[in-house]
Amino acid sequence: MKFSHWVLWRAGSFLFHITVTSIFIYSFIYQELTRDERFSRSSNSPNPEPAFGGDWKFLTRWDFFIQTVVMTSCMVIDIIMLGRIFMENRVALISSETIPEKRHPIQRFVELIDSTIFTLAFPLGLFVTITFWGLYAIDPGNVTSGPNRYPITNHIVHTGVGIAIFIEIILTYHKRPQTENALMVLIMFIVTFICWTFFVHYKTGFWLYPIFGKLSPVFRGLFFFGATLLCVGLYFLGNFIHRRVWPEERIAKFTNGPIIENSNEMDVNLVDYRDRIRQATSPS
């Protein structure tokens, strides 16, 4: 890939990430500032929301926090990649295969974010969007206990998260984690939230989502089982989409970094720089 094309792609990725990050952080702060007012209004509703746990009671908040961290991290990675490409040690950050046994800390950070995107961010982001609006379409009372006075933030946390993470896996290449490990982490997360749901009900008598109170114990269990299957299915969907959008030949172009033009107008591939680094770091 030509140097100019690589920079344009990475700059486009940065603009996307900084836009989404700004919107998410704004919404996060706005929700915190309006929390007391929302709880005060809820106290007058037929099904008042307890103050216990605040907004962190809900899966929406757990997911929104994960999405915000992921998008902020991707923005930071873009800044680092764009900055270091113009420095002498630019090659070490472009490919994690440069010196496998001496990976840069940034490479470890990138791999962690990549794994988080496939393991939690994509399945949870789409799950929140699909289930919230699906249940809302059937009956708004399934997911809300009253009229929503904050439609913009409501769309950001329930709609924006799904759209943003869907664009992310198409826009940028991310290394997919091992399926066994990813599913283990995802299922552990789901089980943790299900246990949390029952704990909140035990402490306060309040179901996090009104639909839980409408279902019998058997159907409530089936609902949780179906939700788990949906999350697992969304994990495989994310892997499938990313594999189709990022075939091996396209991955090679982007992960090998740009081709830099030297003063003699000759294209020098970064593979040459990798060879130099290996020679310089190999024991004499």
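Everything that follows concerns the structure shown earlier in this document.
Residues numbered from 1 in each chain as written. Predicted model: local features only at pLDDT ≥ 70, side-chain atom pairs only at ≥ 80, totals over all residues. Heavy atoms only, no water.

Asks: How do you make sense of the overall build of the protein chain when you look at a structure like this?
Replies: A tally of helices and strands in the protein chain yields 11 helices and two strands. Across the protein chain, helices and strands are ordered from the amino to the carboxyl terminus as α-α-α-α-α-α-α-α-α-α-β-β-α. Once local pairs closer than 6 in sequence are excluded, the contacts in the protein chain between residues at least 24 apart make up 79%. Summed over its atoms, the accessible surface of the protein chain is roughly 15200 Å², and 66% of this surface lies on carbon and sulfur atoms. (Helix = DSSP H or I, 4+ residues; strand = E, 2+ residues; numbered from the N terminus. Contact = heavy atoms within 4.5 Å. Areas by Shrake-Rupley, 256 points an atom, 1.4 Å probe, with all protein chains shown as cover.)

Asks: What is the right way to look at helix α1 (residues 3-33) in this model?
Replies: Residue pairs spaced three or four apart in an α-helix point in one direction, given the helix's 3.6 residues per turn. In this model, α1 (31 residues) spans 44 Å end to end at C-alpha, consistent with the 45 Å of a helix rising 1.5 Å per residue. Among all positions in α1, only Trp 6, Trp 9, Arg 10, Ser 13, Phe 16, His 17, Val 20, Thr 21, Phe 24, Ser 27, Phe 28 and Gln 31 are buried. (Expected span 1.5 Å × (residues − 1). Buried < 20%, exposed > 50% of the residue type's maximum accessible area, 1.4 Å probe, protein only.)

Asks: Any chance you could explain a nonpolar patch on the surface here in plain terms?
Replies: A cluster of nonpolar side chains, namely Ile 25, Ile 29 and Leu 33, defines an oily patch on the protein surface of about 300 Å² accessible area. With respect to the helices and strands, the residue Leu 33 is situated in helix α1. Residue classification places Leu 33 among the exposed residues on the basis of a relative accessible area of 68%. (Patch = residues over 30% accessible without salt bridge, like charges linked within 9 Å, V, L, I, M, F, W, Y side chains within 5 Å. Salt bridge = Lys/Arg side-chain N within 4 Å of Asp/Glu carboxyl O.)

Asks: What exactly am I supposed to notice about the side chain of Thr 34 here?
Replies: With respect to the helices and strands, Thr 34 occurs in the loop between α1 and α2 (35-42). Residue Thr 34 is classed as buried on the basis of its relative accessible area of 9%. A polar side-chain atom of Thr 34 sits 2.9 Å from the main-chain carbonyl oxygen of Tyr 30. (Polar contact = N/O pair within 3.5 Å; in protein donor to acceptor, adjacent residues only side chain to side chain.)

Asks: Which parts of the structure should I look at to understand the nonpolar core?
Replies: Proteins that are soluble and globular tend to have nonpolar side chains buried together. By size, the foremost hydrophobic cluster in this structure holds 60 residues, and its most contacted members are Phe 24, Leu 59 and Tyr 209. Listed by contribution, the elements that provide at least two residues to this core are α1, α3 (59-84), α5 (105-138), α6 (151-171), α7 (179-204), α8 (210-214), α9 (217-245) and α10 (248-255). With 12 residues, the top contributor of residues to this core is α5. Apart from residues lying up to four places away in sequence, Tyr 209 is in contact with Phe 58, Leu 59, Thr 60, Asn 142, Val 143 and Phe 193. (Core = buried A, V, L, I, M, F, W, Y, C linked by side-chain atoms within 4.5 Å.)

Asks: For this particular structure, what's the right way to read the packing of aromatic side chains?
Replies: Geometrically, a pair of aromatic rings is defined through the distance of the ring centres and the angle of the planes. Tallying each qualifying case throughout the model produces 25 aromatic pairs. Here the aromatic rings of Phe 52 and Phe 199 are separated by 6.2 Å at their centres, their planes lie at 55°, and the arrangement is tilted. With a gap of 147 residues between them, Phe 52 in the loop between α2 and α3 and Phe 199 in helix α7 connect regions that are remote in the sequence. Since its relative accessible area comes to 31%, Phe 52 is described here as partly exposed. (Phe/Tyr/Trp six-rings, centres within 6.5 Å; stacked < 30°, edge-to-face > 60°.)

Asks: Is there a simple way to think about the pattern of salt bridges in this case?
Replies: A side chain of one charge can pair with a side chain of the opposite charge if their charged atoms are brought near each other. Across all of its chains, the model carries four salt bridges by this definition. In this structure, the salt-bridge partner of Arg 10 is Asp 78, at a minimum N-O distance of 2.6 Å. Of this pair, Arg 10 sits in helix α1 while Asp 78 sits in helix α3, and the two are 68 residues apart along the sequence. For Arg 10, a relative accessible area of 7% puts it in the buried group.

Asks: How should the side chain of Asn 239 be read in this particular structure?
Replies: Take Asn 239: it is sitting in helix α9. In this view, Asn 239 contacts Phe 118 and Arg 176; residues no more than four positions away in its chain are not counted.

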